[in-house]
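For reference, the chains in residue letters:
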Amino acid sequence: MKLADYVRCLAALAACTAGAGAQTLPEQEMTLTVGRGELLQFNQDIQKVAVAEPKIADAVVVSPREVMINAKGAGRTTVVIWENGSPPARYNVDVAPDTLLFEDFKKHLLASIPDGHIDVSGSGDTVVLTGSVRTPEESKRAASLAATRAKNVVNLLQVPPPPEPRQILLQVKFASVDRVRLNTLGFNLFSTSSKLQGLSSTEQFQSPRFSQLQTAQNASSNINFADLLNLFAFRPDLNIGATIKALEDQNLLQILAEPNLIVLEGRDASFLAGGQFPFPTITTTTTGGAVAPVITVQFKPFGVKLDFTPTITPSGAIDLKVAPEVSALDFSNAVQLQGFLIPALSQRRAETEVILKDGESFAIAGLLDNRVVQEVAKVPWLGSVPVLGTLFKSRSSQKSTDELLVVITPHFVRPLAPGEKARLPDFPETFLPTVAEQKAKQGGKKGDAPAQAEQKPEFVGPRGYQEPK
């Protein structure tokens, strides 16, 4: 036999031997859940175990004939086990994630936001939120709940654009109520008798004036009255007369301002009817190592002021933060500083927050301003004499009590649509005849008068207003 034929025979024999010894490995499918395992038992002792991907599954030999397969992560891997006298066994392991906790989390998330349409997906440490919710607050709440389940949260929730902010009209009336009644009483008594001519007066009002005084032979005299007051009486038989003034004054109400302001919800608005007064302030500056005073002038507002901020509640009401203020310059408490007269401010201010519906009103009252003014008049020199000087002095005091009343009414404002006419004030009843009626009277066309009267009246003379066309 030749050498080449001998080599071919050996190769064929080796191939036959290899084909006879190699057997197809039995394959088995195994499905596990992350965190769980499966125990494999064999009839012969185990020689060795091999795992393709230990991160997905792990094989632990617990006894010579038992192997524990533990699922660690989601995926697919292969486990091969050799036992004595048997070909290697092959196991294809599919590891699925544990969705029980994820489903519980998903149910809790959907129950927390019942009005939203949310889909939850993801794997591992990542959660993806898709769908739509009503408000940005619900989107933030969903992301916060998902952050408790996973480290990474991808928030793809869609939020509809917010509605346009509504406009609110605030009608405010500032009124000052005088709560003091003034009683006035004055009395003048005069006599024109031939035996006695005289006058007695309380000196509050101008008394009657005698134009001339006659002697006893001619007792007639003339009297001029500058003010008859409101009661006058005269007895001709006694030549005695009297003028009396007894009045009661009561100041009720004075409107200070009636501002109407329109503002968007959530925005601040302010109103000021008054002015600003300057007052100096002293600061220091360093000049060449020395400190020199510097006088600057600042301005502070005073008058009728209003600050408010409206917001809309979920129920459709108006949450109103309002701060009305009325201030005036008070020179009686002024301060004079380096030649500057700085007046004080008399303020009445309130700040509150209320919830009102459209058209409802609320009032703020009780802000009182009590003032007492006392005047002292005396005769020069004589009024300064101790004890006796009191007889030559007169005192008068005037007390005033003003109460600030603020009435506030909010309204929702609806703009007019294009082409819509504005509603103007109702015109009073006409007192002039229409042009058609005048023509009917002048021309004698009485039959046409009713038909013409049904037409739109045409006023004679200047118009009070004219509707826009």
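Residues numbered from 1 in each chain as written. Predicted model: local features only at pLDDT ≥ 70, side-chain atom pairs only at ≥ 80, totals over all residues. Heavy atoms only, no water.

J.: Can you lay out the overall build of the chain for me, pointing to particular residues and giving the numbers?
T.: Counting its secondary structure elements, the chain contains 5 helices and 26 strands. Each of the 469 residues in the chain was classed as buried or not, and the buried ones make up 25%. Counted over contacts in the chain with a minimum sequence separation of 6, partners at least 24 positions apart contribute 59%. For the chain, the computed accessible surface area is about 32,300 Å², with 54% contributed by carbon and sulfur atoms. (Helix = DSSP H or I, 4+ residues; strand = E, 2+ residues; numbered from the N terminus. Buried < 20%, exposed > 50% of the residue type's maximum accessible area, 1.4 Å probe, protein only. Contact = heavy atoms within 4.5 Å. Areas by Shrake-Rupley, 256 points an atom, 1.4 Å probe, with all protein chains shown as cover.)

J.: Describe the packing of aromatic side chains, with residues and values.
T.: With the rule as written, the count across this model stands at 1 aromatic pair. Note that lysine 48 overlies the ring of tryptophan 82, its terminal NZ or CZ placed 4.5 Å from the centroid. Seen from the ring of phenylalanine 412, arginine 166 lies directly overhead, with NZ or CZ sitting 3.9 Å from the centre. (Phe/Tyr/Trp six-rings, centres within 6.5 Å; stacked < 30°, edge-to-face > 60°. Lys NZ or Arg CZ within 6 Å of the ring centre and 35° of its normal.)

J.: Describe the packing of helix α2 (residues 100-112) against helix α3 (residues 136-147), with residues and values.
T.: Axis separation between α2 and α3 bottoms out at 10 Å; the angle between their running directions is 160°. It follows from the interaxial angle that α2 and α3 lie roughly antiparallel. At the point where α2 passes α3, the crossing takes the right-handed sense. Between α2 and α3, the residues in contact are Phe105, His108, Leu109 and Ser112 and Arg141, Ala142, Leu145 and Ala146, respectively. (Axes fitted to C-alpha atoms, helices over the stretch in contact; angles between N-to-C directions. Parallel < 35°, antiparallel > 145°, perpendicular 65-115°, else oblique. Left-handed = near helix turned anticlockwise from the far one by under 90°.)

J.: Tell me about the sheet that holds strand β8 (residues 117-123), residues and numbers included.
T.: Strand order in the open sheet formed by 3 strands is β8-β9-β10, with mixed pairing between adjacent strands. Two strands lie at the open edges of the sheet, namely β8 and β10 (152-158), each paired on one side alone. Neighbour to neighbour, the strand axes of the sheet diverge by 15° on average, direction disregarded. Pairing analysis gives 7 bridges linking strand β9 (residues 126-132) to β10, with the strands arranged parallel. Of the residues in β10, the one forming a bridge with valine 127 is valine 153. Where α2 meets the sheet, its contacts fall on β8 and β9, and the angle it forms with β8 comes to roughly 155°. Together, β8, β9 and β10 form the strand contacts of α3, whose direction differs from that of β10 by roughly 155°. (Pairing = 2+ DSSP bridges.)

J.: Could you give an account of the pattern of salt bridges, naming the residues involved and the relevant values?
T.: Pairing between side chains of opposite charge can happen when their charged atoms approach one another. For the structure on display, the rule yields 11 salt bridges. Residues aspartate 94 and arginine 76 are paired through a salt bridge, measuring 2.3 Å at the closest nitrogen-oxygen approach. In this pair, aspartate 94 sits in strand β7 (residues 89-96) while arginine 76 sits in strand β6 (residues 75-83), placing the two residues 18 residues apart along the sequence. Residue aspartate 94 is classed as partly exposed on the basis of its relative accessible area, which comes to 24%. In this structure, arginine 134 engages glutamate 138 in a salt bridge whose closest nitrogen and oxygen atoms are separated by 3.4 Å. Given the relative accessible area of 7%, glutamate 138 is considered buried. Here the salt bridges share partners, and the residues they tie into one network are Glu29, Arg76 and Asp94. (Salt bridge = Lys/Arg side-chain N within 4 Å of Asp/Glu carboxyl O.)

J.: Tell me about the side chain of threonine 409, and name the residues and values.
T.: Among the secondary structure elements, threonine 409 is positioned in strand β26 (residues 393-413). Overall, the relative accessible area of 11% leaves threonine 409 in the buried class. A polar atom in the side chain of threonine 409 sits 2.4 Å from the side chain of serine 361. In contact with threonine 409, other than residues within four places in its own chain, are Leu169, Leu170, Gln171, Gly359, Glu360 and Ser361. (Polar contact = N/O pair within 3.5 Å; in protein donor to acceptor, adjacent residues only side chain to side chain.)

J.: Which residues make up the nonpolar core, and what values go with them?
T.: Ranked by size, the top nonpolar core spans 23 residues in total, and within it Phe174, Leu306, Phe308, Leu320, Phe362 and Ile408 carry the most contacts. Of all the elements in the fold, those that place two or more residues in this core are β11 (167-178), β19 (260-264), β20 (269-287), β21 (290-312), β22 (318-337), β24 (352-356), β25 (362-378) and β26. Counting residues in hydrophobic clusters, the runner-up holds 17 residues, among them Leu32, Val67, Val79 and Val93. (Core = buried A, V, L, I, M, F, W, Y, C linked by side-chain atoms within 4.5 Å.)

J.: Can you explain the sheet that holds strand β5 (residues 66-71)? Please cite residues and give values.
T.: The strand order across the open sheet built from 3 strands is β2-β5-β4, with neighbouring strands paired in antiparallel fashion. Bordering the open sheet on either side are β2 (37-41) and β4 (57-63), each of which pairs with just one other strand. Recorded for the sheet is a direction-independent mean angle of 20° between the axes of neighbouring strands. Taken together, the 5 bridges between β2 and β5 define a ladder with antiparallel strand orientation. The partner of glutamine 41 across the bridge, within β5, is glutamate 66.

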